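Structural features, examined
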Amino acid sequence: MNPTPETETATPTTDPETAGTAASGAEAAAETKTGPKADLTKGSVAEHTVQDATPADALNDTDTDAGAGEDTDDAEDLDDDDLAAASRPSGLGSAAASIVAVCLGIVALTGTWTSRILAERQGLVGQLKTGQSGTAEQQISAIYGDAWHVTAAINGGVALVALLVGVIVLTLPQRTGWVRPFALAGAVLGFLGLLVSLGMYFDLFAALPTAATP
C-alpha cells in the first residue's frame, strides 16, 4: 500500500483578532473624518443662518409692530373725529329758525291774511248782534272796535312767536356767522310787533270814534 500523501493546509497568516481590530479602526477613522466635519458644517451653517436671519427678522417684527401701532392710532383718531363731527350740531336748524323769526316779525308789523279775515268776520258778527236797535256807540264798538282788537290779538301772537324764536336761536351755539344777526333782527322785529299790537288792543295809539250827540 502506498501511503496517502498528506496535504498541508495553508494557514492564514493574518490573525482574526488583528483583522477585526483593523476593521474597527478603519470604520472609526472613517466616521471621524466624515461625521464631525459634516456635523460641524451643518452646525456652522445653521448658526450663520440664525445669526444672519436674526437682525432682519427683528427689524421686520419691529416695523410690523410700529406699523400696527400707527394704524391703530390713526383709526382711533379717525373714530374720535367722526364721533366729534357727528355730535356737533350742523347749524341748519338754527339758520332756518333765524330766517323764520325775521319773516314772522315783518308779518306781525304789517298784518296777516288771517287777522284781516277774522276782523271782517268779527265785524259781521257785531252787525248781527246790534242790528238797528243798538245805539251808535254799541254799533261802533261791536262792528269796528271788536274787529280792531281781533286783528291786534292775532298780530301780537305772531310777534310773540317771532320774539321767542329769535331769543332761542341767540342762546344756541352758532357755526355760521350770519345766523346770529338774523336771529337778533327777528327778535327785535317781534318785540316791536308785540308793542304795536298791545297798543292797538288797549286803544293806546288811537281811541274808538264816538258818535256825535244830537
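Just so it is clear, the structure is predicted and the values come from calculations on it, not from any experiment.

**Regarding the overall build of the protein**
- Secondary structure summary: the protein contains five helices and zero strands in total.
- Counting from the amino terminus, helix and strand elements in the protein follow one another as α-α-α-α-α.
- Evaluated residue by residue, the protein yields a buried proportion of 19% over its 214 residues.
- Within the protein, contacts between residues at least 6 apart in sequence are counted, and of these 80% link residues at least 24 apart.

**Description of helix H3 (residues 113-130)**
- Its 18 residues place the ends of H3 26 Å apart at the C-alpha level, agreeing with the 26 Å of an ideal helix rising 1.5 Å per residue.
- Listed as buried for H3 are Ser115, Ala119, Gly123, Gly126 and Thr130. Considered in projection along H3, the buried side chains sweep an arc of 80 degrees and stay on one side of the axis. Relative to its buried face, H3 has exposed residues pointing more than 90 degrees away, namely Trp113, Glu120, Arg121 and Leu128.
- Packed against the buried residues of H3 are helix H4 (136-171).
- Note on H3: the residue one or two positions beyond its end, Gly131, has a positive phi of about 65 degrees.

**A closer look at the environment of Gln174**
- Among the secondary structure elements, Gln174 is positioned in the loop between H4 and helix H5 (179-201).
- Gln174 gets classed as partly exposed once you look at its relative accessible area, which sits at 22%.
- With 80 residues separating them along the chain, Gln174 and Ser94 place their C-alpha atoms 7.4 Å apart.
- What Gln174 contacts, discounting residues up to four positions off in sequence, is Ser94, Val169, Val179 and Arg180.

**Things to note about unusual backbone geometry**
- If you check the backbone angles, Asp203 has positive phi at about 60 degrees while not being a glycine.
- The residue Asp203 is located in the segment after H5 in this model.
- In this structure Asp203 comes out as partly exposed when scored by relative accessible area, which is 25%.

**Comments concerning the confidence of the model for the protein**
- Of all residues in the protein, 57% have pLDDT values of 70 or greater, and the mean over the chain is 73.
- Confidence, read as mean pLDDT per element, is least for helix H1 (residues 16-87) in the protein (49) and greatest for H5 (95).
- Within the model, pLDDT remains below 50 along residues 1-23, and this stretch shows one contact once partners closer than five positions in the same chain are excluded.
- Low pLDDT, under 50, characterises residues 28-51; the stretch is placed with two contacts to residues that sit more than four places away or in other chains.

**Some details on the packing of helix H2 (residues 92-110) against H4**
- Packing of H2 against H4 leaves a shortest axis separation of 8 Å and a crossing angle of 150 degrees. Taken together, the axis directions place H2 and H4 in an arrangement best described as roughly antiparallel. At the point where H2 passes H4, the crossing takes the left-handed sense. On the side of H2, the interface is formed by Ser94, Ala97, Ser98, Ala101, Leu104, Gly105, Val107 and Ala108, while H4 contributes Asn155, Val158, Ala159, Val161, Ala162, Val165, Gly166 and Val169.
- Class assignment of the residues belonging to the contact of H2 with H4 gives a composition of 11 nonpolar, five polar and no charged.

The rules behind each value
Residues numbered from 1 in each chain as written. Predicted model: local features only at pLDDT ≥ 70, side-chain atom pairs only at ≥ 80, totals over all residues. Heavy atoms only, no water. Helix = DSSP H or I, 4+ residues; strand = E, 2+ residues; numbered from the N terminus. Buried < 20%, exposed > 50% of the residue type's maximum accessible area, 1.4 Å probe, protein only. Contact = heavy atoms within 4.5 Å. Expected span 1.5 Å × (residues − 1). Arc of directions from axis to C-beta. pLDDT = per-residue confidence, 0-100. Axes fitted to C-alpha atoms, helices over the stretch in contact; angles between N-to-C directions. Parallel < 35°, antiparallel > 145°, perpendicular 65-115°, else oblique. Left-handed = near helix turned anticlockwise from the far one by under 90°. Nonpolar A, V, L, I, M, F, W, Y, C, P; charged D, E, K, R; others polar.

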